[in-house]
Amino acid sequence: MVMNSMNTERVKAPSARRVDPQRLVLGAVGALVVVLLLAASTYYVGLVAVLGVHAIVVIGLGFLMASGQISLGHAAFVGLGAYGSALLSMRLGMPVLLAIPCAVLLCTLVGYVLAKLTLQLKGHYLPLATLAYGMAITVCFVAAVDITGGASGLTDVRPLSVFGHAFSTRATATVIWVIVALLLIGYARIYRGRVGRVARALRSNSVMVGAFGVHVPATRTRIFVLSAALAGLAGALYACYMQFLSPSTFSLIPSVSFLIMAVLGGVAGPLGAVLGAAFFMLIELAAQHVIARVLELPGQVETMVFGVLLITMLLKWPDGLLSLIPTQERKPPLPDAGTPAQAEPSRRAPAALAAHNVTKKFGGLTALSDVSVAIPGGAITGLIGPNGAGKSTLFNVLTHVFEATSGSVTLNGQPLPKTSQDVVKQGVARTFQHVQLVQELNVLQNVLIGGYSRGRAGLFSAAFGLDRAEEAALSDEALVALKRVGLLDVAYTRVSDLPLGSQRLIEVARALLARPSVLLLDEPAAGLRAPEKERLGRLLQSLRDESGMTILLVEHDMELVMNCADYIFVLNFGMLLAQGRPDEIQRHPGVINAYLGAET
Amino acid sequence: MDSSTAIFLGLDGITNGAVYALVALSLVLVYTTTRVVNVAQGDFLTFGALAFASLAAGTLTPLLYVVLGIGAVCLVIDLRRARAYKRSLLAPLVRYLAAAIILCALVFAASHSHSMPLQMLAALLLVAAMGPLVYQLTVEPNPGASIVVLLTCSVGVTLILQPLGLLLWGTESLTVNPISDARVSLGPADLAVQSLLILSAAVVMTLALFVFFRHSLYGKALRAASINREGALYCGVPVGTVGRLSYFIAAGMSALGGMLLAPLVTAHYEMGFIVGIKGFVGAVTGGLVTYPLSLVGVFLVGIFESFSAFFSSAFRDAWVFALVIPILLWRNAYHGDELDEH
């Protein structure tokens with residue numbers, strides 16, 4: 001069996017590499033920009049500079065959107081950066097090269113305060129809040145006439161200069177695009193890295209990432225602050241290039257334009273930002289040229305055409321231009337033998353999890369009343385009960401996704417940490433009853449999310465490529481985990497392309513990557529075919545016997561539970577009905593009654 | 001500040017707020033039934049005011065041709081769909097033709113008579129008819145789209161409608177006669193009857209919408225349509241029709257707001273934008289989901305605005321927008337759990 005699967009893996013190993021179409025597009029854009037910067041007239045170089053500024057904003061905004069947040073006020077940060085650096089250099093005589101980082105710092109601080117204040121908002125409140133403070137900040141640019149020059153604008157902004165030597169438009173545009181290039185590299189790494197993977201799960205699976213050690217609000221804040229800082233940087237560069245600032249450049253309309261660029265380009269990678277910004281500018285220019293000059297129609301028609309194009313694009317490709325260009329992800333060759341010992345840690349000390357007199361109420365409904373279970377270390381424990389018996393609630397209390405109304409949970413006699421992200425650090429990992437996988441990521445990346453709590457790399461170490469060793473080690477381990485659940489050959493497939501049964505096994509592999517001493521499985525066999533169930537049963541036994549793991553199995557599939565479990569708890573109506581060895585449970589009259597409704 | 005100034009500012013604020021109310025209610029209606037944060041809502045207000053001004057001046061409003069044109073496009077789409085699903089082609093044809101004939105007749109009669117109610121009705125229906133057309137062209141093709149995509153689409157709509165208003169009516173302001181130019185005195189201040197009309201329209205619509213959505217089965221079905229589209233479909237709620245209907249009512253309500261407001265400020269192509277934004281801020285107070293709280297919200301915005309204008313007029317709008325954040329935090333703390341994350 002093992003030999004067979006190995007052979008198929010060898011066959012599936014990636015063959016000769018073709019060129020990634022996304023890289024081709026990136027190369028083409030880069031070449032075009034270089035040619036324009038070298039050879040085009042000042043007018044076009046100016047356009048390229050503005051495009052670069054837009055791209056910087058949208059790269060940050062795109063990652064923010066990929067993490068499930070929307071900002072309708074990003075132009076305000078651009079404005080803060082622009083006015084900040086311009087005023088620092090003009091009024092305080094600060095050298096421009098110093099004023100720019102100061103302005104970025106200002107945006108970072110403002111972004112941090114606003115993030116702390118508003119990121120707790122749920123649903124559509126958050127975009128509404130961003131809209132509000134965006135408008136408020138912009139109104140201040142207009143209203144503070146003494147400082148900013150008000151609606152008529154701020155003139156004579158100092159250009160970028162080094163040692164008194166002022167940069168030309170061309171040189172400034174070049175600087176801007178060098179920054180864009182660096183950001184593209186950095187963000188491509190961030191998207192692939194530890195935080196990037198998790199960011200993509202924040203939108204739809206925030207409970208799941210919390211259970212794997214992600215501090216959700218802090219991660220959201222970091223991503224937001226980073227995007228605000230980038231917007232500030234873009235603004236400061238814009239001020240140096242334009243040498244004139246008008247408050248309307250930073251109002252609601254540009255904020256929405258940035259959003260449109262991000263949506264048009266797509267937010268699945270940083271390249272989308274450049275594509276979106278470029279496409280936006282192309283439509284704008286084309287509309288201006290064709291409608292105003294060639295057809296000699298009034299200028300309003302141009303805006304209308306833009307509106308029509310925007311709607312058409314969104315209806316046709318809601319995921320943006322990026323989704324039209326296929327990508328080939330880097331596929332390191334799959335490991336050959338993949339001996340579990342290679343990446344698998346040695347046998348761990350058995351850990352016992354216990355709930356003491358746990359009661360959980362939801363409003364008036366008592367889901368659990370006074371339940372005590374002691375899950376022995378190094379064994380497989382089953383938790384069964386009819387639908388609505390409170391199994392999943394107990395499960396969520398055991399991992400502190402829910403807090404118990406009364407009672408306590410202990411791990412090896414010690415109270416369990418308060419939040420689910422600390423629980424996983426104590427070696428308790430889980431799967432979810434409703435599969436919680438990030439559909440747009442591939443299988444390997446999903447499994448890697450399980451290793452989050454063991455990694456250290458943040459946004460910056462990912463951007464500078466300092467996370468390579470850590471990522472490589474985790475990847476190897478993830479492939480071994482995938483091999484254990486029998487899914488190694490689909491490691492690079494998108495999760496959404498797999499059947500439900502495989503998705504459940506991916507959940508198990510992901511939990512394994514947290515190197516748990518206690519593994520909690522919530523209905524892992526639902527949707528599995530018979531051979532997959534057999535494999536799952538063998539896997540659970542090997543985890544117990546070889547790795548010494550404590551396993552709690554919530555399951556409806558009686559065959560699996562009775563065959564695997566060493567000990568079984570039965571819940572009914574939120575109360576503990578019975579406990580004992582499988583053969584005892586099978587004969588227990590109360591259990592038979594609960595399941596079959598026999599007379600007592 | 002003495003008490004009479006305070007009363008004056010308070011009354012001023014409430015009448016301002018009432019102006020924003022109808023747009024705020026429209027925004028809530030559209031959001032709760034279709035999940036679209038309709039940025040273009042203010043444009044319907046503009047169109048209402050301008051169409052009314054055209055009819056009052058005895059000219060056939062140019063908007064009629066635009067509506068007929070877009071209607072024809074939508075008819076083609078509906079016919080193609082009917083053919084694809086092997087349904088009768090006659091039904092949509094009759095519906096569209098009947099609507100077109102009624103609109104043409106009304107607009108023609110209104111532009112040749114001096115009856116103000118008739119002119120208002122014609123303008124109202126004309127603008128309201130734009131609602132379902134916009135819905136059909138921008139939301140219906142992709143109803144499951146995320147909130148961001150839907151919102152961005154509505155930005156596209158406003159990009160089309162605002163210049164369209166400019167093209168149809170030009171840049172100059174049109175004067176519109178009020179329904180009544182009487183004034184009543186209330187303590188130290190006196191109020192235009194027109195303002196009272198706006199106020200009562202706002203209150204009546206709020207009550208009507210609240211009762212409809214809270215207490216009627218049809219209202220509940222409408223809400224269900226936005227919360228779980230497929231579930232509502234399976235229960236027999238015609239989700240597409242729901243969307244068209246709510247766009248129809250919302251556009252009409254905003255247009256009514258524009259017609260009532262125009263005599264106080266003169267009608268011009270940009271009037272809807274700022275009213276739309278302020279209405280939006282008011283609606284946000286109710287989390288964009290409840291009608292009575294939206295009404296409270298717009299009054300709050302109006303009063304806040306007139307008082308902050310008294311103290312520092314330049315920063316007036318900054319204060320109004322900054323007000324949103326504490327309101328949202330408060331709503332979030334008490335009602336945040338009701339929001340499902342999409």
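About the criteria used
- Residues numbered from 1 in each chain as written.
- Chains lettered and ligands numbered in written order.
- Predicted model: local features only at pLDDT ≥ 70, side-chain atom pairs only at ≥ 80, totals over all residues.
- Helix = DSSP H or I, 4+ residues; strand = E, 2+ residues; numbered from the N terminus.
- Contact = placed C-beta atoms within 7 Å.
- Buried ≥ 20, exposed ≤ 12 C-beta atoms within 10 Å, placed from the backbone.
- Domains from an automatic or database assignment.
- Nonpolar A, V, L, I, M, F, W, Y, C, P; charged D, E, K, R; others polar.
- Pairing = 2+ DSSP bridges.
- Axes fitted to C-alpha atoms, helices over the stretch in contact; angles between N-to-C directions.
- Parallel < 35°, antiparallel > 145°, perpendicular 65-115°, else oblique.
- Left-handed = near helix turned anticlockwise from the far one by under 90°.
- Expected span 1.5 Å × (residues − 1).

So, the overall build of chain A
Scanning chain A from terminus to terminus reveals 25 helices and 12 strands. The C-alpha extent of chain A, read off along each of the three principal axes, is 90 × 55 × 50 Å. Summarising the internal contacts of chain A: among those between residues at least 6 apart in sequence, 75% fall at separations of at least 24.

Quick notes on the environment of B:Thr15
Residues and elements named next belong to chain B. Take Thr15: it is sitting in helix α1 (residues 3-34). Note on Thr15: 21 C-beta atoms within 10 Å, which makes it buried. Taking the C-alpha atoms as reference points, Thr15 and Tyr218, 203 residues apart in sequence, are found 32 Å from one another. Other than its neighbours up to four places away in sequence, Thr15 contacts Leu191, Ser195, Ile198 and Leu199.

A word on the domain arrangement of chain A
Residues and elements named next belong to chain A. Structurally, chain A comprises domain 1 (21-251), domain 2 (350-427 + 516-600) and domain 3 (438-514). Taken over C-alpha atoms, the centre of domain 2 sits 26 Å from the centre of domain 3. With 13 residues of domain 2 at the contact, the number on the domain 3 side is 11 residues. Listing elements by their share of the side of domain 2 that touches domain 3, those giving two or more residues are β9 (518-522) and α22 (530-547). Its residues assigned to classes, the side of domain 2 that touches domain 3 comprises 8 nonpolar, 1 polar and 4 charged.

As for the interface of chain A and chain B
Bring the parts together and some accessible area is lost; that lost area is often taken as the interface size. With 35 residues of chain A at the interface, the matching set in chain B holds 36 residues. Of all the secondary-structure elements, those providing two or more residues to the side of chain A that touches chain B are α5 (96-118), α6 (125-143), α12 (252-265) and α14 (299-316) of chain A. Per-element tally for the side of chain A that touches chain B: the top contributor is α14(A), with 11 residues. Considering only residue class, the side of chain A that touches chain B consists of 27 nonpolar, 7 polar and 1 charged.

Quick look at the sheet that holds strand β10 (residues 550-554) of chain A
Residues and elements named next belong to chain A. Across the sheet, 6 strands lie side by side as β8-β9-β10-β5-β11-β12; this open sheet has mixed pairing. The open sheet terminates on both sides in strands that have one partner only, identified here as β8 (428-430) and β12 (575-580). Each adjacent strand pair in this sheet contributes to an overall mean axis angle of 20 degrees, direction not counted. Across 5 bridges, strand β11 (residues 567-572) lies against β12 in antiparallel orientation. Paired with Val570 across the strands is Ala578, a residue of β12. Here helix α25 (residues 589-596) sits on the sheet in contact with β11 and β12, set at roughly 125 degrees to β12.

A look at the sheet that holds strand β4 (residues 365-375) of chain A
All names here are of chain A. Strand order across the open sheet formed by 4 strands is β4-β3-β6-β7, with antiparallel pairing between neighbours. Edge strands, defined here as strands with exactly one partner in the open sheet, are β4 and β7 (414-415). The sheet contact formed by strand β3 (residues 353-362) and strand β6 (residues 406-411) spans 5 bridges and is antiparallel. Counterpart to His356 in the pairing with β6 is Ser408. Along the sheet face, helix α16 (residues 391-398) touches β3, β4 and β6 and points at about 115 degrees away from the line of β3.

Digging into the pairing of β11(A)
All names here are of chain A. As defined by bridge partners, strand β5 (residues 380-384) adjoins β11 across 4 bridges and the pair is classed as parallel. Counterpart to Gly382 in the pairing with β11 is Ile568. In this antiparallel pair of consecutive strands, β11 and β12, the connection spans 2 residues, and Phe573 shows a positive phi of 50 degrees.

Description of the environment of A:Leu394
Residues and elements named next belong to chain A. Relative to the assigned elements, Leu394 resides in helix α16. Spatially, the C-alpha atom of Leu394 lies 12 Å from that of Leu521, the residues being 127 residues apart in sequence. Excluding its chain neighbours within four sequence positions, the residues that come into contact with Leu394 are Ala355, Leu368, Val371, Leu383 and Leu571.

Overview of the pairing of β5(A)
Residues and elements named next belong to chain A. Within β5, 5 of the 5 residues are buried, leaving the element largely enclosed by the surrounding structure. With burial as the criterion, each face of β5 is covered, one bearing Ile380, Gly382 and Ile384 and the other bearing Thr381 and Leu383. Summarising the sheet, β5 and β10 pair through 4 bridges and their orientation is parallel. Within the sheet, the bridge partner assigned to Ile380 lies in β10 and is Ile551.

Re the packing of helix α4 (residues 74-91) of chain A against helix α11 (residues 216-242) of chain A
Residues and elements named next belong to chain A. At their nearest, the axes of α4 and α11 sit 7 Å apart, and the two run at 50 degrees to each other. With respect to their mutual orientation, α4 and α11 come out oblique. The element α4 and its partner α11 pack so that their crossing is right-handed. Packed against α4, whose contacting residues are His74, Phe77, Val78, Gly79, Leu80, Gly81, Ala82, Ser85 and Ala86, the element α11 presents Ala228, Ala231, Gly232, Leu233, Ala234, Gly235, Ala236, Tyr238 and Ala239 at the interface. Here the contact of α4 with α11 is built from residues that sort into 12 nonpolar, 6 polar and no charged.

What about the packing of α4(A) against α6(A)?
Residues and elements named next belong to chain A. Running from amino to carboxyl end, α4 crosses α6 at an angle of 35 degrees, the nearest separation of the two axes being 8 Å. Like other packed secondary-structure pairs, α4 and α6 cross with a definite hand, here left-handed. Judged by residue contacts, Ala75, Ala76, Gly79, Leu80 and Tyr83 of α4 engage Tyr133, Gly134, Ile137, Thr138 and Phe141 from α6. Each residue belonging to the contact of α4 with α6 can be placed in one class, and the counts come to 7 nonpolar, 3 polar and no charged.

Some remarks on the environment of B:Arg183
Residue and element names in this part refer to chain B. Looking at the secondary structure, you find Arg183 in strand β1 (residues 183-186). Looking at Arg183, the number of C-beta atoms within 10 Å reads 14, which means it is partly exposed. Sequence separation of Arg183 and Thr33 is 150 residues, and the distance between their C-alpha atoms is 39 Å. Once residues lying within four places of it in the same chain are set aside, the contact partners of Arg183 are Asp190, Leu191, Ala192 and Val193.

With respect to unusual backbone geometry
All names here are of chain B. Within the chain, Arg35 stands out as a residue other than glycine whose phi angle is a positive 65 degrees. By secondary structure assignment, the location of Arg35 is in the loop between α1 and α2 (41-56). The phi dihedral of Lys86 falls on the positive side, at around 55 degrees, and the residue is not glycine. Mapped onto the elements of the fold, Lys86 is located in the loop between α3 (63-84) and α4 (90-112). Judged by the 7 C-beta atoms lying within 10 Å of it, Lys86 is exposed.

A look at α6(A)
In this model, α6(A) (19 residues) spans 27 Å end to end at C-alpha, consistent with the 27 Å of a helix rising 1.5 Å per residue. The element α6(A) is extensively covered by neighbouring structure, given that 19 of its 19 residues are classed as buried.

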